[in-house]
Amino acid sequence: MTIDDAVSQLVSYAQQKGLIEPEERIWAVNTVLDVLRLDGWTDPGRDWGELELAPILETLLDDARARGVLTEDGVTFRDLLDTELMGRLTPRPAQVRARFRALYARSPREATDWYYQFSQDTNYIRRDRIARDMQWKVPTEYGDLDITINLSKPEKDPRAIAAARVLSPTAYPRCQLCAENEGYAGRIGHPARQNHRVVPVTIAEAPWFLQYSPYVYYNEHCIVFNREHVPMKIDRACFGKLLDFVAQFPHYFVGSNADLPIVGGSILAHDHFQGGHYSFPMERAPIEEPFVFPGFEDVRAGIVKWPMSVIRIGGPDRDRLIGLADQILQSWRSYTDEEVCILAETGGEPHNTITPIARRRGEDYELDLVLRNNLTTPEHPLGLYHPHAELHHIKKENIGLIEVMGLAVLPARLKGELAAVAAHLADGTDLRADPLSAPHADWAETFRADYPNLSAEDALDIVEQETGKVFAQVLTHAGVYKRDAQGREAFRRFLRQVRP
């Protein structure tokens, strides 16, 4: 493909996707030439048919590198340039917002369907990278758990890390969630967002924004964030905001990470939620033990059959759910039960909080309240209710909202490591002799004898299924009440003491 062909194809792609109008073609060509520092162009005069974006951008980036326009060839530098290219062809924020509002007036789902497709067409969501993610399901006593190995988020580029050392620090945008990211050119250490568009929404009478995650761990993985850069906080107002969002977008769920370290998300400094159009395993889990809270007899409630400690409440009246959720939260914040090692605070440091998730069930509203505690001990310095050390070969990171609901987001290193484990199981060779499989050897030896004479294909399937079982253990470790007789009774003890 010639550079003239690639420029023509990029502009044709933008026209096919509705990013530009036919009468804007000459302008579009010239703005692309400007980014690429090309003085001229010859129109190939061809009808290209349906186009795929990734190969076009690859050709343009390779040419820019060969001509010295792209001075470094790492993924960080290539992303900065191709995002600038797409940003030149992305409609302005006012146009995007007007389109969203017009579609929302017809149907909230129609609006989000369009916006999600738009976010892919602009390459803000990189479809080619998302397609690399490994995904599978694992049956457990709690239903099928979802497992994904995230291969779409770029690894840290050593050249970018080196370049960042000589740059002056900047506090703009303050974080990667701030509204000021819209249209931002990016820099080493902060992604380019020229092709990023956010949609205003009003949550509890305050200005918020809706966007999609560029890494979409599940269908229509969206982020709802406060216009102001204020810390996350789980409180009565938070429950109201979650329910307000699902009232406006009834086909979406929405939830919040907890507001304490270890059990919270990676960005605690900016108030935000995550949601989307996806049914998580926890949503499908039933209530296994109904419970009636005094003063809230009209609210359905109970303990969910789930490895973590989940209280589900539901009903048609949002205010009643908010009232009960707040009562449970306030009680949990100060609750201590030393018999099962639940401490509300140590040395003045609070430990108890909640991970809340909201959704609709027909015309009713539903809240799942996941009890969390971030206590650390000498034996478990990363967290008592965190994956314990014997599971770190699979999952060491915090158990945030997405994992709580039953989707394991596992690190990219596991693609090669699990493949190596499978190869050694199939070949009957030493797991400990290979640096890729050695960290998993103790684990793999626990089930190796159960699967003799494996083919390479069967071995990988077995390893994936056993990985899912580890994730079920991870969730069990994160549960504050264990699912034995002592834990169940302790859970009931907490529920019984919740009072108006």
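Our structure's up above, just so we're on the same page.
This report concerns the structure included in the present document. Counting restarts for each chain: residues are numbered from 1 in the order of the written sequence. Residues qualify for local features only when their pLDDT is at least 70, as the model is predicted, and side-chain atom pairs are given and counted only at 80 or more; totals for whole chains, interfaces and linings, by contrast, use all residues. The basis for the side-chain values is all heavy atoms of the structure; hydrogens and waters are excluded.

This part is about the nonpolar core. In terms of nonpolar packing, the biggest core is built from 97 residues, with I313 and Y481 touching the most fellow members. Should any heavy atoms of two residues lie within 4.5 Å, those residues are counted as being in contact. Apart from the residues within four sequence positions on either side, I313 is in contact with V299, R300, A301, L321, L324, A325, I328, Y365, E366, L367 and L369. Within the second largest apolar cluster, 51 residues are counted, among which are M405, A408, L410 and V474. The term nonpolar core refers to a set of buried residues drawn from Ala, Val, Leu, Ile, Met, Phe, Trp, Tyr and Cys, joined through side-chain atoms within 4.5 Å. Exposure categories follow from relative accessible area, calculated using a 1.4 Å probe and restricted to protein chains: below 20% of the type maximum is buried, above 50% is exposed, and the middle band is partly exposed.

This next bit is on the sheet that holds strand β4 (residues 206–212). At least two DSSP bridges between two strands are needed for those strands to be called paired. Helix and strand labels come from DSSP, where a helix needs a run of H or I of at least four residues and a strand needs a run of E of at least two; each type is numbered from the N terminus. Taking strand neighbours across the sheet as the criterion, the 10 strands line up as β3-β4-β5-β7-β6-β13-β14-β10-β9-β8 in an open arrangement whose pairing is antiparallel. Across the chains shown, the open sheet's two edge strands, defined by having one partner strand only, are β3 (199–203) and β8 (287–290). Strand-to-strand twist across the sheet, computed as the mean angle between neighbouring axes with direction ignored, equals 30 degrees. Pairing between β4 and strand β5 (residues 222–226): 5 bridges, direction antiparallel. By the bridge assignment, Y212 is partnered in β5 with C222. Its contacts with the sheet put helix α11 (residues 318–333) on β10 (310–315), β13 (352–361) and β14 (364–373), and the angle it makes with β14 is roughly 10 degrees. To get an axis, a line is fitted to the C-alpha atoms, and for a helix only the part in contact is used. The angle between two axes follows their N-to-C directions and goes from 0 to 180 degrees.

The buried count for β14 comes to 10 of 10 residues, which makes it a mostly enclosed element. Burial along β14 is two-sided: the face carrying D364, E366, D368, V370 and R372 and the face carrying Y365, L367, L369, L371 and N373 are both buried. As paired elements, β10 and β14 share 6 bridges and run antiparallel to each other. Paired with I313 across the two strands is L367, which belongs to β14. Taken together, the 10 bridges between β13 and β14 define a ladder with antiparallel strand orientation. Across the sheet, the residue bridging to T353 is R372, located in β14. Where β13 folds back on β14, the antiparallel hairpin that results is connected by 2 residues, among which G362 adopts a positive phi of roughly 65 degrees.

Strand order in this open sheet of 3 strands is β1-β2-β15, and the pairing throughout is mixed. The sheet is open, and its two borders are formed by β1 (134–140) and β15 (407–410), each paired with just one other strand. The mean inter-strand angle of the sheet, taken between neighbouring strand axes irrespective of direction, is 20 degrees. Bridge analysis of strand β2 (residues 143–149) against β15 gives 4 bridges, and the strand direction is parallel. Across the sheet, D146 pairs through a bridge with L407, a residue of β15.

Let's shift gears to the layout of surface pockets. A cavity, in this analysis, means grid points on a 1 Å lattice covering only the protein atoms where a 1.4 Å probe fits yet has no way out; a pocket is instead an open set bounded by protein on both sides within 12 Å along at least five of seven lines, and a residue lines either one if it has an atom within 4 Å of a point. Grid points are joined across faces, edges and corners, and a volume is the space filled by probe spheres set on the points. One number sums up the size of the second largest pocket: a volume of about 400 Å³. Looking at the second largest pocket, it is lined by 19 residues, and the ones nearest its centre are G18, L19, I20, P91 and Q95. Elements that contribute at least two residues to the lining of the second largest pocket include exactly α4 (75–89), α5 (93–106) and α6 (108–121). Among the elements that line the lining of the second largest pocket, the one with the most residues is α6, at 4 residues. Each residue is assigned to one class: nonpolar for Ala, Val, Leu, Ile, Met, Phe, Trp, Tyr, Cys and Pro, charged for Asp, Glu, Lys and Arg, and polar for all the others, Gly among them. Its residues assigned to classes, the lining of the second largest pocket comprises 8 nonpolar, 4 polar and 7 charged.

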